[in-house]
Amino acid sequence: MAIRPIITLPDPRLRLVSEPVATFDGELQLLLDDMLETMYEAPGVGLAAIQIAVPKRIVVADATRGDEPKNPMFFINPEIVWVSEELFVYQEGCLSVPDYFEDVQRPARVRVRYLDRTGATQEIEADGLLATVLQHEIDHLEGGLFIDHLSRLKRERVVKKFAKAAARAAPVADKVEA
Ligand SMILES: [Zn+2]
């Protein structure tokens with residue numbers, strides 16, 4: 001297992017639409033294990049493959065908190081098949097938009113159909129934190145970010161902040177004019 005680098009805003013790969021997984025081979029198992037280790041190390045409660053620059057429809061999650069025993073979950077080609085009318089507000093953050101948190105309103109409960117690590121079809125009905133995590137991560141598979149759910153003003157402010165930080169971090173040679 002290995003910890004892989006997490007890409008952050010404004011990396012354009014975060015806007016890619018990820019491709020479905022078709023092959024359940026050793027390479028996939030390795031990717032799943034790396035994603036889990038990367039998520040735990042960050043630490044985060046969910047991670048989509050595109051966040052480590054792999055445009056595949058894979059999500060790992062663990063919505064347990066504090067001293068609860070770990071519950072790693074793997075969702076391959078996940079699809080939301082039902083959402084509740086009831087909504088819930090969670091203060092969300094994202095490993096790809098570090099150190100920025102904002103309230104996001106989403107359905108309180110969702111049903112998700114997915115393939116497990118062996119390729120078998122599964123369905124889960126999630127509520128609470130897991131419902132939010134699944135919706136947040138499945139957004140990533142479509143090139144979405146939680147900031148897309150905010151007002152335009154808030155979104156533009158955070159996008160600008162990250163673009164400026166990236167420009168500052170760029171090597172000086174990039175700025176030479178001739
Ligand atoms: Zn995220």
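Scope of this entry: the structure provided in the associated data block. Note that the structure is a prediction, hence the values are computed from the model and not measured. (Residues numbered from 1 in each chain as written. Predicted model: local features only at pLDDT ≥ 70, side-chain atom pairs only at ≥ 80, totals over all residues. Heavy atoms only, no water.)

In this fold, Gln135 is placed in helix 2 (residues 128-141). Linking Gln135 and Asp25, residues 110 residues apart in sequence, is a C-alpha distance of 26 Å. Excluding residues that lie within four positions of it along the chain, Gln135 makes contacts with Ile80, Arg106, Pro107 and Val110. At a separation of 3.0 Å, a polar atom in the side chain of Gln135 contacts the main-chain carbonyl oxygen of Ala131. (Helix = DSSP H or I, 4+ residues; strand = E, 2+ residues; numbered from the N terminus. Contact = heavy atoms within 4.5 Å. Polar contact = N/O pair within 3.5 Å; in protein donor to acceptor, adjacent residues only side chain to side chain.)

Let's shift gears to the pattern of salt bridges. By the definition in use, this model includes 13 salt bridges. We note a salt bridge from Arg15 to Asp148, for which the minimum N-O separation is 2.8 Å. Of this pair, Arg15 sits in the segment before helix 1 (26-41) while Asp148 is found in the loop between helix 2 and helix 3 (152-169), placing the two residues 133 residues apart along the sequence. Between Arg106 and Glu92 there is a salt bridge, and its shortest N-O distance comes to 2.7 Å. Of this pair, Arg106 sits in strand 5 (residues 97-107) while Glu92 is found in strand 4 (residues 87-94), placing the two residues 14 residues apart along the sequence. Residue Arg106 is classed as buried on the basis of its relative accessible area, which comes to 4%. Each of Glu86, Arg109, Arg111 and Glu125 takes part in salt bridges that share partners, so that together they form one network. (Salt bridge = Lys/Arg side-chain N within 4 Å of Asp/Glu carboxyl O. Buried < 20%, exposed > 50% of the residue type's maximum accessible area, 1.4 Å probe, protein only.)

This next bit is on the pairing of strand 6 (residues 110-115). The pairing of strand 3 (residues 73-83) with strand 6 spans five bridges and is classified as antiparallel. Along strand 6, the bridge assignment pairs Trp82 with Arg111. Here six bridges tie strand 6 to strand 7 (residues 121-126), and the two strands are oriented antiparallel to one another. Across the sheet, residue Val110 finds its bridge partner in strand 7, namely Ala126. If you look at the hairpin formed by strand 6 and strand 7, you'll find five residues sitting between the two strands, and Gly119 has a positive phi there, around 95°. (Pairing = 2+ DSSP bridges.)

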